[in-house]
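The lines below spell out each chain.
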Amino acid sequence: MDLGFALTQALSQAIGVTAIIYLLATMGLNIQFGYAGLLNFGQVAFVAVGSYTIGACVMTVAPAITSWWPSAESYILWIAIPLALLVSLLLSLLLGIPTLRLRADYLAIVTIATGEIFRLVVKSIEPLGGVQGISGKIGANFYALNPFPDVDRVELGLVTYTRSDIWVVVVGWIVIGLLLLLTWALMRSPWGRSLRGIREDEDAVLALGKNTYLRKMQALILGGLFGTMAGIFWVVAKQSVQPDSFVPDFTFFCYTILILGGVARVLGPLIGTIIFWFLLVFTEQTLITAVESGTIGFLELTQVGPIRFILVGVALMLLMIFRPQWILGDRKELALDAR
Amino acid sequence: MPGEVAAAAQAALAVVSPEPGATKPDSILVADSVSRHFGGLTAVDVAHLEVQRSSITALIGPNGAGKSTLFNLLTGFDNADTGNWTYEGASVTNMPSYKLARKGMVRTFQLTKSLSRLTVLDNMRLGATGQKGERMGAAILPFIWRGQEKAITEQAMALLERFNLAAKSADFAGALSGGQRKLLEMARALMLKPNLIMLDEPMAGVNPALKQSLLDHIRDIREEGTTVMFVEHDMDMVRDVSDWVVVMAQGKVIAEGTPRSVMGNQAVIDAYLGAHHDRNLTASGESLTQGGNS
Amino acid sequence: MHRGMSRWVIAAFAFLGAFVLCAGVASAASPSITAIVTGGDKAPIAGVSVSVTGPEGFTGSGTTDAEGRATIEVPAAGQYIVKVDEKTLPPGETVKDGPERTVNVLSGDKKALFPVGIGGEPAGGEDSGSGAGEFGAQVLQLIVDGVVLSLIIALGALGLNLIFGTTGLTNFAHGELLALGAFTAYVFNATLGLNLIVACILALVVSAAAWGWGQNYLLWRPLRKRGTGLIAAMIVSIGLAMTIRYILLMIFGGDGRFYTDYAGQSGLEIGPVNITPKAIILSLLAILALTATVLWLRSSRMGKATRAVSDNPALASASGVNVERVIAVVWVLGATLAGFAGMFQGINNNVAWTMGQGLLLTMFAAIVLGGLGTIGGAIVGSFVVGMSVQLSTLIVPTQMKTGAALALMIVLLLIRPQGLLGKPERVG
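The structure displayed is predicted, hence computed values, not measured ones.

*Asks:* If you had to explain the overall build of chain B to someone new, which residues and values would you point to?
*Replies:* From N to C terminus, chain B includes 11 helices and 10 strands. In terms of overall dimensions, chain B has a C-alpha envelope of 60 × 45 × 40 Å along the principal axes. Residue pairs at least 24 apart in sequence account for 68% of intrachain contacts in chain B once pairs closer than 6 positions are excluded. In the form shown here, chain B has an accessible surface area of approximately 12,100 Å², with 52% of it arising from carbon and sulfur atoms. Taking the average location of the 28 positive side-chain charges in chain B and that of its 31 negative ones, the two points are 7 Å from each other.

*Asks:* Go over the sheet that holds strand E10 (residues 252-257) of chain B with me, naming the residues and quoting the values.
*Replies:* Residue and element names in this part refer to chain B. Taken in spatial order, the 6 strands line up as E6-E7-E8-E3-E9-E10 in an open sheet, and their pairing is mixed. In the strand order of this sheet, the two ends are held by strand E6 (105-107) and E10, each with one partner. Pairs of neighbouring strands in the sheet enclose a mean axial angle of 20 degrees, with direction left out of account. Two strands pair when backbone bridges link them, and strand E3 (residues 56-60) and strand E8 (residues 227-231) are joined in this way by 4 bridges, in the parallel orientation. Paired with Thr 57 across the two strands is Met 229, which belongs to E8.

*Asks:* Describe in detail the pattern of salt bridges, supporting the description with residues and values.
*Replies:* One pass over the structure, following the stated rule, counts 30 salt bridges over all chains. Two residues, Arg119(A) and Glu116(A), come together in a salt bridge whose shortest N-O distance is 2.9 Å. Taken together, the residues span about one helical turn, with Arg119(A) and Glu116(A) both in helix H5 (residues 104-123) at a distance of 3 residues. What makes Arg119(A) buried here is its relative accessible area of 13%. What makes Glu116(A) buried here is its relative accessible area of 12%. We note a salt bridge from Glu224(B) to Arg162(B), for which the minimum N-O separation is 3.1 Å. Residue Glu224(B) is located in the loop between helix H8 (208-223) and E8, and its partner Arg162(B) is located in helix H6 (residues 142-162); the two are separated by 62 residues in the primary sequence. For Arg162(B), a relative accessible area of 28% translates into the label partly exposed.

*Asks:* Which residues make up the interface of chain C and chain A, and what values go with them?
*Replies:* Interface extent is often summarised as the accessible area lost during association of the parts. The interface of chain C with chain A comprises 66 residues on the first partner and 57 residues on the second. Contact between chain C and chain A buries roughly 5,500 Å² in total, counting both sides, with carbon and sulfur atoms accounting for 74%. Our count for the chain C to chain A interface comes out at 1 salt bridge. Here Asp249(A) makes a salt bridge to Arg245(C), at a shortest N to O gap of 2.6 Å. Taken together, the links from chain C to chain A amount to 5 residue pairs in polar contact (both at pLDDT 80 or more). Mapped by element, the contributors of at least two residues to the side of chain C that touches chain A are helix H1 (3-22), strand E6 (100-105), strand E7 (109-115), helix H4 (196-226), helix H5 (230-252), helix H10 (355-370) and helix H12 (401-415) of chain C. It is H5(C) that contributes the most residues to the side of chain C that touches chain A, 15 residues altogether.

*Asks:* Which residues make up the domain arrangement of chain C, and what values do they have?
*Replies:* Assigned domains of chain C: these are domain 1 (32-115) and domain 2 (135-264 + 271-415). Between the C-alpha centres of domain 1 of chain C and domain 2 of chain C there is a distance of 38 Å.

*Asks:* Before we move on, could you go through the packing of aromatic side chains and cite the residues and values that matter?
*Replies:* All names here are of chain A. In the structure shown here, the tally under the stated rule is 30 aromatic pairs over all chains. Taking the centre distance of 5.1 Å and the plane angle of 75 degrees together, the rings of Phe 41 and Tyr 255 count as edge-to-face. With Phe 41 in the loop between helix H2 (17-35) and helix H3 (43-65) and Tyr 255 in helix H11 (residues 248-261), this residue pair connects regions lying 214 residues apart in the sequence. You'll find Phe 41 and Tyr 255 in the same group, each marked buried.

*Asks:* I'd like to hear about a nonpolar patch on the surface, residue by residue, with values.
*Replies:* All names here are of chain A. Taken together, the side chains of Tyr 75, Trp 78, Ile 79 and Leu 145 present a nonpolar region at the surface, about 410 Å² in accessible area. Of note, Ile 79 is situated in helix H4 (residues 72-99). On the accessibility criterion, Ile 79 (41% relative accessible area) is partly exposed.

*Asks:* So what's going on with the environment of Gly229(C)? Residues and values would help.
*Replies:* As for its placement among the helices and strands, Gly229(C) is situated in the loop between H4 and H5. A sequence separation of 88 residues divides Gly229(C) from Ser317(C), and the C-alpha atoms of the two residues are 19 Å apart.

*Asks:* Let's hear about the confidence of the model for chain C: which residues, and what values?
*Replies:* Residue and element names in this part refer to chain C. Averaged over all residues, the pLDDT of chain C is 80; the fraction at 70 or higher stands at 82%. Low pLDDT, under 50, characterises residues 118-132; the stretch is placed with 15 contacts to residues that sit more than four places away or in other chains. Between residues 424-428, whose pLDDT stays under 50, and residues either more than four places distant or in other chains, the model counts 9 contacts. Overall fold confidence for the complex sits at a pTM of 0.81, while the interface term, ipTM, reaches 0.87.

*Asks:* Go over the sheet that holds strand E2 (residues 41-52) of chain B with me, naming the residues and quoting the values.
*Replies:* Residue and element names in this part refer to chain B. Spatial ordering of the open sheet is given by E2-E1-E4-E5, a layout of 4 strands whose pairing is antiparallel. The sheet is open, and its two borders are formed by E2 and strand E5 (90-91), each paired with just one other strand. Summarising the sheet, strand E1 (residues 27-38) and strand E4 (residues 82-87) pair through 5 bridges and their orientation is antiparallel. Opposite Asp 32, over in E4, you have Asn 84 as the bridge partner. The sheet contacts of helix H2 (residues 67-74) involve E1, E2 and E4, and relative to E1 the element is tilted by about 115 degrees.

*Asks:* Outline the side chain of Asn189(C), supporting the account with residue identities and numerical values.
*Replies:* All names here are of chain C. When you line up the elements, Asn 189 lands in helix H3 (residues 174-191). Of the residues examined, Asn 189 reaches a relative accessible area of 1% and is grouped as buried. Beyond its immediate stretch of four places on either side in the chain, Asn 189 contacts Leu 194, Asn 195, Leu 196, Ala 199, Tyr 259, Thr 260 and Asp 261.

Reading the values: the criteria
- Residues numbered from 1 in each chain as written.
- Chains lettered and ligands numbered in written order.
- Predicted model: local features only at pLDDT ≥ 70, side-chain atom pairs only at ≥ 80, totals over all residues.
- Heavy atoms only, no water.
- Helix = DSSP H or I, 4+ residues; strand = E, 2+ residues; numbered from the N terminus.
- Contact = heavy atoms within 4.5 Å.
- Areas by Shrake-Rupley, 256 points an atom, 1.4 Å probe, with all protein chains shown as cover.
- Lys, Arg positive; Asp, Glu negative; His and termini not counted.
- Charge placed at Lys NZ, Arg CZ, Asp CG, Glu CD.
- Pairing = 2+ DSSP bridges.
- Axes fitted to C-alpha atoms, helices over the stretch in contact; angles between N-to-C directions.
- Salt bridge = Lys/Arg side-chain N within 4 Å of Asp/Glu carboxyl O.
- Buried < 20%, exposed > 50% of the residue type's maximum accessible area, 1.4 Å probe, protein only.
- Buried area = accessible area lost by both parts, 1.4 Å probe.
- Polar contact = N/O pair within 3.5 Å; in protein donor to acceptor, adjacent residues only side chain to side chain.
- Domains from an automatic or database assignment.
- Phe/Tyr/Trp six-rings, centres within 6.5 Å; stacked < 30°, edge-to-face > 60°.
- Patch = residues over 30% accessible without salt bridge, like charges linked within 9 Å, V, L, I, M, F, W, Y side chains within 5 Å.
- pLDDT = per-residue confidence, 0-100.

Okay, structure coming up:
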């Protein structure tokens, strides 16, 4: 068995495009669930909003407006990105206004429902590509700025990326670095303290004269914007978007990553993502190799795909039961976690 | 040896006639026809109630008398079906709880709400109002709020000293004992510099050793001019510390007066005996059952 | 990990493993991509070369058959690019939206449509109900379909709501109780060759014992004993749902399966409405089951105890109710009803690994609409949801119908947070 191949595959996935997408979405979830205690089970909706706004602007709107703005297609991405963030903000308001005054599980059900509504509705809207989604040179404006030399593959030690992937990966990690810094700055501030207070007991914070509704809304919006950033990276990196990519399981993957890395830790999502994707891809690759070489006889190659999800499901259960603060957890804090 | 403020409050109340809905010389809180129904049940139906400024007023009554519900209504944690009430002369009827707290009408809870996974010091700092760093935009610019944060920390540490919690300031609040949490909650409420502090069963679950210190703190708070109103089952405490006692039963105020006059009131004795035949008036029963969602 | 815990974790895996074993004989379908190349009037075009490229350098190719289809097996879930070689198309023709499709394969068969030439409408989606017949007949048909769907939702929602009421658990794995019931019946029927009625009765017993009582005993009871919080438990249920769902996918593959009996039953024409005899019988059985459950909750000793626990577990326990026993009964009842709902859906349509997930949100919508924790509310809510799912197709495209019901739930939450039958109670 060639473990080396599995290892490099795993490594390049753990810091690659997929990891960046999940990390951004999970960082948003960390703000909402980790710090403010908001049960957002529909983070995927925010991701989808990012991907679809960009996809629609670049592929549908830009060609339509070239008649009165000839260079629309050269700049469209840079207009579409703030627009996507604006739509994300509106979605947060739409979700938050009815539910943030209600019990926590209402938000859970409404957010997961919204994710599904979005997916089902988009499927039947032809301008958004219907079931097929949108594909094309969605990231063209972004790749036009690619400073890497025009070669097929870029080698970085153990891992190799294509020229466009490396550009996405580098920008992705810079953005992540900045957003981690932002999270850190926000969460050590009195604002972050009041969010953590709301997570522990909203009534107590109300009694201390804080407008908790406003702060929960701010947390929902901020976390949603992070999710939308994930969606923007997704569509730029893959240059396509399909409705069925945005299933509820995406959000549950993010929860697994968050709990694996440490809830309410600035670096929790980062550590969680790297470990999660490394282990996932490594196991999968090893299994594929083992099945192909006949080492494992009872599985067919096609049965390996679902194993990824089974592993995530089992991991989520076990983590939640045994170590809710897995890696960055604080011993003292863990001892208190009687919730 | 009561302090000056205590003596003044007691003198003011001495001339008030001990009857339900009595008018007080200087009322900080005035409530009129406040009612709350749950389905067919009338939980609160208070015709008139005044609270004398700088007094320590106890609110007592058998289980289910509507004391906590009245607290919730007055502090904006529940919405009244009818009624209006004023605080410091201005109407605050159904005002959101956080706005009331900012105006200096601060409450604590029957089931202590210490924020477990925040440190004791952070619990305290959270209590300060008007924090610039609590605005999201300013939060990422520490130079805006750092000076204020320092002042808040000093204020918090001073209060923690006073409540004998300074040594625990770096611990998680969840690691404190039940009594210490009660102290922390009271100290945290003082961070808001309240004019009226409303304590919901401050003695419930507190061990006898700490009770005396809690009582002293309540007296001290009043001596600083803060009006104290509290719900309590511990009759010893009511007798010890309060200037005025309001008795509720079945949602209504049935008696008012000085502790001595109320304890001898036949209507009060009937209310207690009628509701709880086997109840020891000094026991602190009502706690446990707060089912449902966490 | 201390010893008590590891013991039941092992037991939990054995419990899941048992399912894998008992159904191990069932073969798995491979994930695959089917390219469908059609010309004008959706006529298939044969002999077109199709290539697939995917992760880890995977490449595959095929040629369309007489039905215009080329199926290419792929090794695993992932993103693949499907490309039609336009040179092999009839001269002068091109694929309408370009010859390339990016498809995300999760499992099973993923279709990629390549409409060719001018005027070839994409053959995507489900057919949006028969356009024939007048409006009134269409409404009647939708009402009948709505009642059937409402009953299936109600069977699931009642158990979901009882479990929520007695334990506080928002169970995201409740949909999988439907799927487990349906697949258990499938194993008895298709794999072991038993008559469907016998298979269903056996499957109901398995649902009650293993998927209900067993699940509670091995997973939820120890968690309650440990004092696991409700939010933590909710996330555990999400993990469980994912685990069960993908185990089903691994064993049975991604395509819908049919029971060997009554599969192709033709419908009866009753006036303008078309309904199959099996749907009528199953609906009557569902009404019977729902009525019996409600009566049982109203009148029996255990039923009253259940309602007492829902109202206030601490008080019920103090008054001598054995809360754990009540919860066990609720799980058995909930799993049996859900299992029946799954078989109903399976007989009426087909048995698919996503069937539980698909219905879970409508069940949640039903109990949120009706009022969380209220028994009558679950049933009323189910009918509101079931009817609105079907009737919404009068206005919105068929694919959006579930979305319409979920949107209705959100709008109602704005107006009446406690649900239709819920008590007005301040929350938050």
